[in-house]
Amino acid sequence: METLAMSKKERRRLELFSRVREGELTLVKASELLGLSYRQTKRSYGRYRFEGDAGVVHGLRGGASNRGVDPGKKARVLELYREKYGDFGPTLACEYLAKDDEQEVGVETLRQWLIGEALWVPRRRRPVHRRWRERKGQLGEMVQLDGSHHDWFEGRREKAVLMVLIDDATNRTYARFFEGETTEASFETFWRYVERCGLPRSVYADKASIYRTTRDATVDENLAADPPETQFGRAMKELDVKLILAHSPQAKGRVERRNAVFQDRLVKALRLKQISDLQRANAFLEGEFLDELNRKFELAAREKGDLHRRVPRGVKLARVLSFQEERVVQNDWTIRWRNRWFQLMKENQKLALVKRKLTVCEQLDGTVLLLLGKRALAWEELPERPLRVAAVQPP
């Protein structure tokens, strides 16, 4: 005896058609109960009378789906995954299969194939309670800054740091590789971001020593009620950019999540491009990867408008984003700075500089300036410490 597999809907249809055949129901009433038109019910009932119980079973039951994938394509896709994308998640693998291998496949389809072949294990994340912070409303209102330490090149060279800036309202991202997370790296990353987008209204960073100083305030700072600042903090104040320090990594969750995206997608992209040095990696970031990333993940801001500002006229980023320290001019018109000696030139004589404080400014390219306010003074570097001349005693 043949066994028929039926759905719940088909069993209900069989029951009603049996009653119609026995004269207990009219076909009009059966169509109302089934929620079908009379013509459709009549056609279905005709198949039932001609084929018996099998007439209510869908004709494609047990056959191949019209949306089924060619088994040969499935085999090719799985072979490519094993060969090139073994540690890729289904979403990222689908993107590269379409872009590099011309194999279009749905994410969920690939996910099920990989699970079926034991090539992918679904990961369940235990939810952690966090207090949600609403995104800023406009582009440029706040950017989050962080350094991501990771084995970006998978052992092909030493570890490096990716400095990441992400707009809080839109997720627009800029990033660049450096050997370490330093003040120089923060300065250069911020400078390049400003050249692209303009000055943001605020920067949200962690409490690393680059952004927060731990030294005690000097007497002058206490008298002026001016707390000590890092070089980065001083630069942000000069540019009128508010520096906000996060109390935990979770507080700047947007940049932390973007770091995770980089650690997944960028590592694999560098591997496929066979990139193993920072110069080529940065060229790849700026020439290709960041644009694709932003097209995929950038959001529309809640409010229209761009709050980025132009750099004020007369402000030189090279001078602001630099290392600055105050030094006192000695009686012989010299200044000592980091075991280097600078001789102020004679053309500065009218300024009466002895015992006055100057600012020594070292720019990112190594250029050193001696500044009186915003005025750069003429100087030359001495090869060694000047000798003290003993006073001649009168006879």
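These remarks concern the structure in this document. Bear in mind the structure is a predicted one, so any value in this text is a computation, not a measurement. (Residues numbered from 1 in each chain as written. Predicted model: local features only at pLDDT ≥ 70, side-chain atom pairs only at ≥ 80, totals over all residues. Heavy atoms only, no water.)

1. Points about the side chain of Lys268
Applicable threshold: Each helix is a run of H or I in the DSSP string that is no shorter than four residues. Each strand is a run of E no shorter than two, and both are numbered from the N terminus. For this analysis, residues touch if any pair of their heavy atoms sits within 4.5 Å.
If you trace the backbone, Lys268 turns up in helix 10 (residues 253-273). Setting aside its immediate chain neighbours within four residues, Lys268 contacts Asp87, Phe88 and Leu92.

2. A closer look at helix 9 (residues 231-238)
The condition that has to hold: Relative accessibility decides the category of a residue: with a 1.4 Å probe and only protein chains considered, values under 20% of the type maximum give buried, values over 50% give exposed, and everything between is partly exposed.
Counted residue by residue, helix 9 has 6 buried out of 8 residues, so it is predominantly covered. Along helix 9, the positions that sit buried rather than exposed are Gln231, Phe232, Gly233, Arg234, Ala235 and Met236. The elements touched by buried residues of helix 9 are strand 1 (143-150), helix 7 (183-197), strand 4 (202-205), strand 5 (242-245), helix 12 (317-320) and strand 6 (323-328). Backbone geometry just after helix 9 places Asp240 at a positive phi near 60°.

3. A short note on the side chain of Asp206
Structurally, Asp206 can be placed in the loop between strand 4 and helix 8 (219-223). When neighbours within four sequence positions are excluded, Asp206 is seen to be in contact with Asp146, Tyr211, Leu245, Ala246 and Lys252.

4. Side note on helix 4 (residues 71-84)
Because an α-helix completes one turn every 3.6 residues, residues spaced three or four positions apart along the sequence face the same direction. Convention followed: How far a helix is expected to stretch is found by multiplying one less than its residue total by 1.5 Å. As used here, the arc is the angular range of directions from the helix axis to the C-beta atoms.
Taking 1.5 Å as the rise per residue, helix 4 with 14 residues should run 20 Å; its terminal C-alpha atoms sit 20 Å apart, in good agreement. Of all the residues in helix 4, the buried ones are Val77, Leu78, Leu80 and Tyr81. Across the axial projection of helix 4, the buried residues extend over an arc of 160°, all falling on one side. Turned more than 90 degrees away from the buried face of helix 4, the exposed residues are Pro71, Glu79 and Glu83.

5. Some details on the packing of helix 4 against helix 6 (residues 107-116)
Stated formally: Each axis is a line fitted through C-alpha atoms, and for a helix only the stretch in contact is used; angles between axes span 0 to 180 degrees, taken between their N-to-C directions. By the definition adopted for this analysis, an angle is roughly parallel if under 35 degrees, roughly antiparallel if over 145, roughly perpendicular if from 65 to 115, and oblique otherwise.
Put simply, helix 4 and helix 6 touch, their axes get as near as 11 Å, and they point 75° apart. Considered as vectors, helix 4 and helix 6 are oriented roughly perpendicular to each other. Contact with helix 4, carried on its side by Lys74, Val77, Leu78 and Tyr81, involves Leu110, Trp113 and Leu114 of helix 6 and no other residues of that element.

6. Focus: the pairing of strand 1
Quick reminder of the rule: Strand pairing is assigned whenever DSSP detects at least two bridges linking the two strands.
Buried residues dominate strand 1, accounting for 6 of its 8 residues. The pairing of strand 1 with strand 2 (residues 160-167) spans 8 bridges and is classified as antiparallel. Bridged to His150 within strand 2 is Ala160. The pairing of strand 1 with strand 4 spans 2 bridges and is classified as parallel. Directly across from Val143, in strand 4, lies its bridge partner Val203.

7. A few points about unusual backbone geometry
Of note in the backbone geometry, Arg338 takes a positive phi value of approximately 50° without being a glycine. Within the secondary structure, Arg338 is located in the loop between strand 7 (334-337) and strand 8 (340-344). Even without being glycine, Ala352 reaches a positive phi, approximately 50°. The topology assignment puts Ala352 in the loop between strand 8 and strand 9 (357-362). Among the residues examined, Ala352 registers a relative accessible area of 52% and is labelled exposed.

8. Things to note about the nonpolar core
Burial of nonpolar side chains together is a common tendency in soluble globular proteins. Applicable threshold: Each nonpolar core is a collection of buried residues, namely Ala, Val, Leu, Ile, Met, Phe, Trp, Tyr and Cys, held together in the definition by side-chain atoms within 4.5 Å.
Membership of the largest hydrophobic core comes to 63 residues, with the highest contact counts inside it found for Phe177, Phe262 and Leu266. Dropping the residues within four chain positions of it, Leu266 is found in contact with Trp152, Leu162, Phe177, Val261, Phe284, Leu285 and Phe289. Formed by 14 residues, the second largest nonpolar core is a distinct cluster that contains Phe342, Leu344, Leu370 and Leu377.

9. Section: the environment of Glu10
Relative to the helices and strands, Glu10 is located in helix 1 (residues 8-21). Owing to a relative accessible area of 8%, Glu10 belongs among the buried residues under this scheme.

10. Here we look at the sheet that holds strand 8
Spatial ordering of the open sheet is given by 7-8-12, a layout of 3 strands whose pairing is antiparallel. This sheet does not close on itself; its edge strands, each paired only once, are strand 7 and strand 12 (379-382). On average, each strand axis in the sheet is inclined to that of its neighbour by 30°, with strand direction left out of account. Bridge count for strand 8 against strand 12 is 4 bridges, and the pairing is antiparallel. Within strand 12, the position partnered with Gln343 by the bridge is Glu380.

11. Some details on the packing of aromatic side chains
Going by this rule: Ring geometry is summarised as follows: Phe, Tyr and Trp rings, the Trp one being its six-membered ring, pair when their centres sit within 6.5 Å, and such pairs are stacked at plane angles under 30 degrees, edge-to-face over 60 and tilted between the two. Whether a charge sits over a ring depends on NZ of Lys or CZ of Arg being within 6 Å of the ring centre and within 35 degrees of the ring normal.
Enumeration over the complete set of coordinates arrives at 16 aromatic pairs. Ring centres 5.9 Å apart and planes at 50° place the aromatic pair Phe284 and Phe289 in the tilted group. We note that Phe284, like Phe289, is buried. Ring-pair connections join several aromatic residues into one group, and the members of that group are Phe187, Phe190, Tyr211, Phe232 and Phe323. Seen from the ring of Tyr96, Lys99 lies directly overhead, with NZ or CZ sitting 4.5 Å from the centre.

12. Concerning the packing of helix 2 (residues 27-34) against helix 3 (residues 38-51)
Operational definition: Residues are grouped as follows: Ala, Val, Leu, Ile, Met, Phe, Trp, Tyr, Cys and Pro are nonpolar; Asp, Glu, Lys and Arg are charged; all remaining types, including Gly, are polar.
Orientation of helix 2 relative to helix 3, taken along the N-to-C sense of each, is 105°, at an axis distance of 9 Å. The angle between helix 2 and helix 3 falls in the class roughly perpendicular. The residues of helix 3 that touch helix 2, namely those facing Leu27, Val28, Ser31 and Leu34, are Tyr38, Thr41, Lys42 and Tyr45. Residues of the contact of helix 2 with helix 3, tallied by class, amount to 5 nonpolar, 2 polar and 1 charged.

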